[in-house]
Amino acid sequence: MALPASGGAGAGLSPMLVLPLLLLLVPGLAAGPAGMLQPRDTPSRERKELSGLWSFRADLSPGRDAGFAQRWYRRPLRQTGPVIDMPVPASFNDITQDPSLENYIGWVWYEKEVLLPLRWLQGDPAPRVVLRFGSAHYYSIVWVNGVQVVEHEGGHLPFEADISSVLQGSPDTLCRITVALNNTLTPHTLPPGSIQYMADKSRYPRNYFVQETRFDFFNYAGIHRPVVLYTTPAAYIDDITVTTTSSDSVAMVQYQVSVVGSTANSLSLSLRDQEGKVVATGDGSVGELKVLNPNLWWPYLMHENPGYLYSLEVKMQAQVGEVLLEDVYTLPVGIRTVHVTSTQFLINGKPFYFHGVNKHEDADIRGKGLDWPLIVKDFNLLRWLGANSFRTSHYPYAEEIMDLCDAYGIVVIDESPGVGIKLPESFGNKSLQHHLAVMEELVRRDKNRPSVVMWSVANEPASQLPPAAHYFKTVIAHTKALDPSRPVTFVTDANYALDHGAPYVDVICVNSYFSWYHDPGHLEVIPLQLTAQFENWYKTYHKPIIQSEYGADSVPGLHSDPPMMFTEEYQQALLREYHSVLDKKRKEYVIGELIWNFADFMTNQGTTRVLGNKKGIFTRQRQPKAAAFVLRDRYWRIANESSCLPPVITSHSFYLK
Ligand code: GCB
């Protein structure tokens with residue numbers, strides 16, 4: 001199991017060299033433009049979660065291609081070589097004691113065998129059985145019983161395959177799922193990366209290469225989110241799109257439903273409130289529901305009952321041969337509006353100030369794997385903090401997390417994995433086309449979520465490069481065409497006068513690290529530099545501004561007074577300096593502040609990272625540092641000032657629903 005001892009590297013051919021060849025050999029059923037409704041149990045649908053232990057093997061052959069050459073997917077994985085247990089969902093990197101797996105680059109193989117209920121395979125017509133991955137990082141090829149069913153590029157979004165025909169041809173109810181997964185990043189992946197070959201034989205072993213990335217988090221890999229099998233009737237509801245408008249006492253819910261498998265004989269919709277009372281009904285695939293005296297979806301701390309969700313039940317009946325099939329799907333719906341003016345961000349017509357955080361999906365041992373205790377702990381911490389929002393820095397988060405944002409009223413800036421777009425070649429047409437496809441997948445997944453109030457197409461690209469103009473104009477226009485109901489932005493750290501993407505955004509999102517990366521140790525420069533930052537951006541674009549990142553590393557338990565870098569005191573002091581400027585500018589056109597970062601997180605090893613990035617206000621184990629209390633006082637104060645509720649909301653009465 002050994003790779004070259006130098007670590008952080010693979011041996012042999014580039015793992016990605018295998019890919020183009022493979023694509024020629026086994027063209028997959030590419031994930032098409034169909035819907036991507038979250039799997040739910042309904043009267044017509046069943047779900048089976050495949051979380052737990054899977055068999056696993058990293059392909060350690062010199063070219064990383066033995067799995068394809070020997071067709072490991074044709075037989076149980078244990079028959080083609082040694083396997084280990086691997087938990088799903090989880091990143092594989094930190095699970096074993098093997099440093100070569102931690103830094104592995106190339107193809108790894110996962111396998112799960114599952115017995116299906118007979119009723120899933122019988123009937124005329126038999127139900128449709130779908131295999132769905134919440135996400136797997138980065139490039140996936142999936143076989144069922146040795147037959148390839150889907151390929152997918154991209155690590156943070158779901159993909160699925162209808163596997164009914166494969167199962168119906170099988171002699172028994174055994175379903176063997178084999179996944180080949182490659183974590184290699186190239187200039188055209190999202191996020192981009194590059195493989196660097198170390199040719200100097202006096203310094204590196206033969207055929208040595210490392211994965212370079214231009215982003216600041218560890219490139220964890222594995223099956224990161226739940227894998228489920230679910231059924232639908234043979235004719236089914238494929239997608240639902242909902243948008244909402246409202247005036248004082250009336251709301252309109254516009255809907256569009258697409259069905260597959262047959263023309264629907266009938267399509268009926270009913271909207272229920274939280275008491276289960278039907279408040280509006282409709283029929284047909286396109287229409288509008290009228291809701292009198294609606295309970296609007298409000299952000300946390302803006303209303304005593306935030307995150308109000310109605311249930312939209314969609315019922316379809318379709319004649320397939322002799323049989324009348326019925327499919328039912330229930331979608332949570334929040335009624336709210338979003339508008340941007342030159343100085344404000346309005347939710348339901350009221351000014352909304354983002355006082356929140358940037359996060360990562362990151363924790364000890366499981367890496368980026370979905371973990372319910374961690375998710376619930378993080379939401380409890382957010383509410384303790386008085387945070388009303390976060391940005392999904394720097395990739396879309398799990399649907400399970402987004403569900404809780406909808407339910408708790410936590411406002412989300414939903415960011416694509418467009419992080420680290422720095423190389424000129426990453427602005428070319430190949431990258432652009434992929435970025436457009438990723439935005440389609442992201443909007444398709446999250447378009448119905450009331451918590452999502454803005455799309456962010458990228459973080460800190462090299463937007464000062466001339467090709468960035470065409471690139472961002474195109475990505476932003478495409479996103480707006482996919483979803484005209486939400487503003488679109490990207491997050492910049494470029495100079496206001498040189499940024500080629502900013503003309504196309506609705507809200508300016510700026511990251512800055514004054515007195516950290518610039519003028520380190522000089523807190524006194526912050527008032528001047530931060531004020532100039534805001535004024536320059538505003539006078540250039542007349543658009544509202546979010547301070548989308550700011551912060552300082554602190555090693556928990558490290559103290560100094562006067563404050564010195566890396567101590568808890570310095571992190572507190574830097575935050576306070578930023579806050580004094582933010583307090584002036586939020587009366588004008590600054591509409592939000594998102595601390596970098598909610599919690600410490602893992603990065604590549606490097607001379608500026610001590611077991612990862614320490615800019616968390618919580619440790620990686622979610623314990624508060626001193627800065628968390630500074631932010632907590634501030635966020636609750638802002639909430640009390642800007643709430644439309646009578647004062648004073650207290651953290652005790654408010655934060656638990
Ligand atoms: C940034 C990046 C973020 C980094 C952060 C830092 O500007 O957007 O991904 O982690 O700075 O701490 O350097």
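Quick notes on the rules
Along each chain, numbering runs from 1 in the same order as the chain's sequence is written. Given that this is a predicted model, residues contribute local features only at a pLDDT of at least 70 and side-chain atom pairs are listed and counted only at 80 or more, while totals for whole chains, interfaces and linings are drawn from all residues. Side-chain numbers come from the whole structure's heavy atoms, not from hydrogens or water. UniProt positions are given in the numbering used here, feature names are shortened, and annotations may be inferred rather than shown by experiment. Note on conventions: DSSP H or I runs of at least 4 residues are helices, E runs of at least 2 residues are strands, and numbering of each starts at the N terminus. All axes are obtained by fitting lines to C-alpha atoms, using only the stretch in contact for helices, and the reported angles, taken between N-to-C directions, cover 0 to 180 degrees. Between 65 and 115 degrees an angle is taken as roughly perpendicular, under 35 as roughly parallel, over 145 as roughly antiparallel, and anywhere else as oblique. Pairs of residues are marked as contacts when any of their non-hydrogen atoms sit within 4.5 Å. Any residue that is not Ala, Val, Leu, Ile, Met, Phe, Trp, Tyr, Cys, Pro, Asp, Glu, Lys or Arg is counted as polar, Gly included; the first ten are nonpolar and the last four charged. Strand pairing requires that DSSP identify at least two bridges connecting the strands. The span one expects for a helix is its residue count, reduced by one, times 1.5 Å. Here's how the labels work: a residue is buried when its accessible area is under 20% of the maximum for its type, exposed when over 50%, partly exposed in between, all with a 1.4 Å probe on protein chains only. One side-chain nitrogen of Lys or Arg within 4 Å of one carboxyl oxygen of Asp or Glu is enough to make a salt bridge. Here the nonpolar core consists of buried residues drawn from Ala, Val, Leu, Ile, Met, Phe, Trp, Tyr and Cys, with membership extended through side-chain atoms lying within 4.5 Å. Any residue with a heavy atom lying within 4 Å of a molecule or strand is counted as near it. Side-chain atoms alone can form a polar contact between residues adjacent in sequence; in general such a contact is a pair of N or O atoms within 3.5 Å, and within protein one must be able to donate a hydrogen while the other accepts it. Throughout, the Shrake-Rupley method with a 1.4 Å probe supplies accessible areas, and for residues the shown protein chains are the sole cover considered.

Moving on, we get to the UniProt feature "domain: Glycoside hydrolase family 2 catalytic" (unreviewed entry) in the protein. Summarizing the sequence annotation, UniProt attributes the feature "domain: Glycoside hydrolase family 2 catalytic" (unreviewed entry) to residues 338-639 in the numbering used throughout. Within residues 338-639, the helical portion is 35% and the strand portion 16%, while the C-alpha atoms at the span's ends are 19 Å from each other.

A word on the packing of helix H10 (residues 568-585) against helix H11 (residues 626-642). The contact between H10 and H11 brings their axes to 8 Å, and the two run at 25°. Comparing their axes, H11 and H10 come out roughly parallel. The segment H10 lies against H11, with Glu568, Gln571, Gln572, Leu575, Arg576, His579, Leu582 and Asp583 engaging Ala626, Ala627, Val630, Leu631 and Arg634. Grouping the constituent residues of the contact of H10 with H11 by class yields 6 nonpolar, 3 polar and 4 charged.

Now for the sheet that holds strand E20 (residues 323-333). Across the sheet, which stays open at both edges, the 4 strands sit in the order E17-E16-E19-E20 with antiparallel pairing between neighbours. Each edge of the open sheet carries a strand with a single partner, namely strand E17 (278-283) and E20. Put simply, the sheet's adjacent strands are angled 15° from each other on average, direction ignored. For strand E16 (residues 264-272) and E17, the ladder comprises 5 bridges, and the chain directions are antiparallel. Residue pairing across strands places Ser268 opposite Asp283, the latter belonging to E17.

What follows concerns helix H9 (residues 526-541). For H9, with 16 residues, the first-to-last C-alpha span of 22 Å sits near the 22 Å given by 1.5 Å per residue. Of the residues making up H9, those classed as buried are Ile526, Leu530, Gln533, Phe534, Asn536, Trp537, Tyr538 and Tyr541. Buried residues along H9 sit in contact with strand E28 (488-492), strand E29 (508-511), strand E30 (545-549), H10 and strand E31 (590-595). Looking one or two places after H9, you find His542, whose phi comes out positive at around 50°.

This part takes up the UniProt feature "domain: Glycosyl hydrolases family 2 sugar binding" (unreviewed entry) in the protein. Taking the UniProt record as the reference, the feature "domain: Glycosyl hydrolases family 2 sugar binding" (unreviewed entry) is found at residues 49-233. Secondary structure within residues 49-233 divides into 7% helix and 39% strand; the distance between the first and last C-alpha atoms comes to 19 Å.

Attention shifts here to the pattern of salt bridges. With the rule as written, the count across this model stands at 31 salt bridges. In this structure, the salt-bridge partner of Arg391 is Glu549, at a minimum N-O distance of 2.7 Å. Separated by 158 residues along the polypeptide, Arg391 in strand E25 (residues 389-391) and Glu549 in strand E30 bring together distant segments of the chain. What makes Arg391 buried here is its relative accessible area of 1%. Note that Asp446 and Arg445 form a salt bridge whose closest N and O atoms lie 2.9 Å from each other. The pair Asp446 / Arg445 is uniform in exposure class, with both members buried. Salt bridges sharing partners connect three or more residues here, namely Asp403, Asp406, Arg445, Asp446 and Arg449.

Judged by pairing direction, the sheet is antiparallel, and its 6 strands sit side by side in the order E4-E3-E5-E10-E7-E8 without closing on themselves. Across the chains shown, the open sheet's two edge strands, defined by having one partner strand only, are strand E4 (84-88) and strand E8 (147-153). Within the sheet, the average angular offset between the axes of one strand and its neighbour, ignoring direction, is 30°. Direction of pairing for strand E7 (residues 139-144) relative to E8: antiparallel, over a ladder of 6 bridges. When the sheet's bridge partners are listed, Ser140 is paired in E8 with His152.

A separate point is the nonpolar core. Residues Phe379 and Phe390 are the most contacted members of the largest nonpolar core, which totals 101 residues. Listed in part, the 46 residues of the second largest apolar core include Leu271, Leu331, Phe354 and Ile591.

With that out of the way, let us pick up the environment of Glu400. For Glu400, the position within the fold is in helix H6 (residues 399-408). As a C-alpha pair, Glu400 and Ile375 span 25 residues in sequence and 8.5 Å in three-dimensional space. Discounting residues that sit within four places of it in the chain, Glu400 has contacts with Pro226, Leu370, Trp372 and Ile375.

What follows covers the site of the ligand. The immediate surroundings of the ligand are formed by 13 residues, with Asp216, Glu460, Tyr517, Glu549 and Lys615 found nearest. Between the ligand and Trp596, the relevant distance is 3.2 Å, taken from an oxygen atom to a side-chain nitrogen or oxygen of the residue. Between the ligand and Arg609, the relevant distance is 3.2 Å, taken from an oxygen atom to a side-chain nitrogen or oxygen of the residue. Isolated, the ligand exposes 320 Å² of accessible area, and the fraction of that covered by the protein chains is 92%. Across the shell around the ligand, the residue classes tally to 4 nonpolar, 4 polar and 5 charged.

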